[in-house]
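Descriptive analysis of the structure
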Amino acid sequence: MVEITDAQIDAALERGKLALETEPRAATARYDRQLDRVIVDLTNSCTFAFPPRIAQGLETATADQLAEVEILGMGYGLHWEGLDVDLSLPGLMAGILGTKAYMARRAGQASSPAKAAAARSNGAKGGRPRKTAHA
């Protein structure tokens, strides 16, 4: 077993104290039915909001279910007991709205003028080229 020194413990406690003072954490969280947004007031006096339909597990939730949001731990997470959904606040703020697989599916569903133009161009050429086997 690895021995942890008092200096390492003190350093870890100092890092934790600094994180609590500087990293964004939730002070309050609520669902605003009129705006259709989950609104999180942060401990640094800023506010973060997001539409629940873009977050994994909240896509089909009712307004009553969304209103049951709770803050986890030291304010680093959001929890919906009735939906069995937990989301990381730092992750949400970084645009991570779910698992890697969920994010990949969402990225594939995205549409843009460039994507539409590329699809039309490929269609005019006969569609996506067939893969060829390399000898």
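To be clear, the structure that these remarks concern was listed above.
Reading the values: the criteria
Residues numbered from 1 in each chain as written. Predicted model: local features only at pLDDT ≥ 70, side-chain atom pairs only at ≥ 80, totals over all residues. Heavy atoms only, no water. Helix = DSSP H or I, 4+ residues; strand = E, 2+ residues; numbered from the N terminus. Buried < 20%, exposed > 50% of the residue type's maximum accessible area, 1.4 Å probe, protein only. Core = buried A, V, L, I, M, F, W, Y, C linked by side-chain atoms within 4.5 Å. Contact = heavy atoms within 4.5 Å. Expected span 1.5 Å × (residues − 1). Salt bridge = Lys/Arg side-chain N within 4 Å of Asp/Glu carboxyl O. Pairing = 2+ DSSP bridges. Axes fitted to C-alpha atoms, helices over the stretch in contact; angles between N-to-C directions. Lys, Arg positive; Asp, Glu negative; His and termini not counted. Polar contact = N/O pair within 3.5 Å; in protein donor to acceptor, adjacent residues only side chain to side chain.

1. Regarding the environment of D84
Its location among the elements puts D84 in the loop between β5 (77-80) and β6 (85-88). For D84, a relative accessible area of 65% translates into the label exposed. Through-space distance from the C-alpha of D84 to that of L72 is 13 Å; in sequence the pair is twelve residues apart.

2. Quick look at the nonpolar core
Core analysis: the biggest nonpolar cluster contains 21 residues, and V40, F50, L58, L78 and W80 have the highest contact counts within it. Within the residue set of this core, elements represented by two or more residues are β1 (26-32), β2 (37-42), β3 (47-50), β5, β6 and α3 (89-93). In this structure L78 touches A29, V38, V40, F50, V69, E70, L72, V85, D86, L87 and L92, once residues within four positions along its chain are discounted.

3. Some points on helix α5 (residues 113-124)
Between its first and last C-alpha atoms α5 spans 17 Å; for twelve residues at 1.5 Å apiece the expected length is 16 Å, and the two agree. G126 sits one or two residues past α5 and shows a positive phi near 100 degrees.

4. Examining the pattern of salt bridges
According to the stated counting rule, one finds three salt bridges in the structure shown. A salt bridge links R30 to D41; the nearest nitrogen and oxygen atoms lie 3.0 Å apart. One end of the pair, R30, is in strand β1; the other, D41, is in strand β2, and eleven residues separate them in sequence. On the basis of relative accessibility, which here comes to 39%, the residue R30 falls in the partly exposed class. With relative accessibility at 23%, the residue D41 sits in the partly exposed group. Linking D36 and R53 is a salt bridge whose minimum nitrogen-to-oxygen distance equals 3.2 Å.

5. Some words on the sheet that holds strand β4 (residues 69-72)
Within the open sheet, the three strands sit side by side as β4-β5-β6. Their pairing is antiparallel. Sheet topology places β4 and β6 at the edges, where each strand pairs with a single neighbour. Within this sheet the neighbouring strands show an average axis-to-axis angle of 25 degrees, counted without direction. Alignment of β4 against β5, held across four bridges, turns out to be antiparallel. Its bridge partner lying in β5, L72 is registered against G77.

6. So, the side chain of R25
In this structure, R25 sits in the loop between α1 (6-22) and β1. Among buried Asp, Glu, Lys and Arg side chains, R25 stands out as unpaired, with E23 the closest opposite charge at 6.9 Å. A polar contact is formed between the side chain of R25 and the backbone oxygen of M74, at a distance of 2.9 Å. R25 has contacts with L20, D41, L42, T43, M74, G75, Y76 and L89, leaving out every residue within four places of it along the chain.

7. Description of the sheet that holds β2
The strand order β1-β2-β3 describes an open sheet built from three strands, whose pairing is antiparallel. Each edge of the open sheet is held by one strand with a lone partner, namely β1 and β3. Taken pair by pair, the neighbouring strands of this sheet meet at an average axis angle of 20 degrees, ignoring direction. Across four bridges, the pairing between β2 and β3 is antiparallel. Looking at β3, one finds that V40 is bridged to F48.

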